[in-house]
Amino acid sequence: MTWADDEKPKHRPKSPLGAALTYTLNQRKSLERFLTDPKI
């Protein structure tokens, strides 16, 4: 688990941090691909 996974249940989904965590976790797959594929 990551910090974001640990923190998400502690914050309301519509709070600024809750929304940011939801967005971050939803974008994780794309971000990991961007960081690991040198062709991108």
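Computed from a prediction, not measured in an experiment: that's the story for all the values here. (Residues numbered from 1 in each chain as written. Predicted model: local features only at pLDDT ≥ 70, side-chain atom pairs only at ≥ 80, totals over all residues. Heavy atoms only, no water.)

1. Quick word on the overall build of the chain
Step number 1: Broken down by element type, the chain carries three helices and zero strands.
Step number 2: Reading the secondary structure of the chain in the N-to-C direction produces α-α-α.
Step number 3: Each of the three principal axes of the chain carries a C-alpha extent, and together these read 35 × 20 × 10 Å.
Step number 4: Per-residue burial for the chain yields a buried fraction of 18% across its 40 residues.
Step number 5: In the chain, the 8 positive side-chain charges and the 5 negative ones have mean positions that sit 7 Å from each other. (Helix = DSSP H or I, 4+ residues; strand = E, 2+ residues; numbered from the N terminus. Buried < 20%, exposed > 50% of the residue type's maximum accessible area, 1.4 Å probe, protein only. Lys, Arg positive; Asp, Glu negative; His and termini not counted. Charge placed at Lys NZ, Arg CZ, Asp CG, Glu CD.)

2. A few points about the UniProt feature "domain: Transposase IS66 central" (unreviewed entry) in the chain
Step number 1: As recorded in UniProt, the sites labelled "domain: Transposase IS66 central" (unreviewed entry) are residues 2-39.
Step number 2: For residues 2-39, the end-to-end C-alpha separation is 26 Å, with 66% helix and 0% strand making up the annotated structure. (UniProt positions renumbered as here; feature names shortened; annotations may be inferred.)

3. Some points on helix 2 (residues 16-26)
Step number 1: Among the residues of helix 2, those classed as buried are Gly18, Leu21 and Leu25. Angular distribution of buried residues about the axis of helix 2 spans 65°; they occupy a single face of the element. Of the exposed residues in helix 2, the ones pointing more than 90 degrees away from its buried face are Pro16, Tyr23 and Asn26. (Arc of directions from axis to C-beta.)

4. Details of the environment of leucine 25
Step number 1: When you line up the elements, leucine 25 lands in helix 2.
Step number 2: Residues leucine 25 and alanine 4, 21 residues apart in the sequence, show an inter-C-alpha distance of 7.2 Å.
Step number 3: Excluding its chain neighbours within four sequence positions, the residues that come into contact with leucine 25 are Ala4, Asp5 and Lys8. (Contact = heavy atoms within 4.5 Å.)

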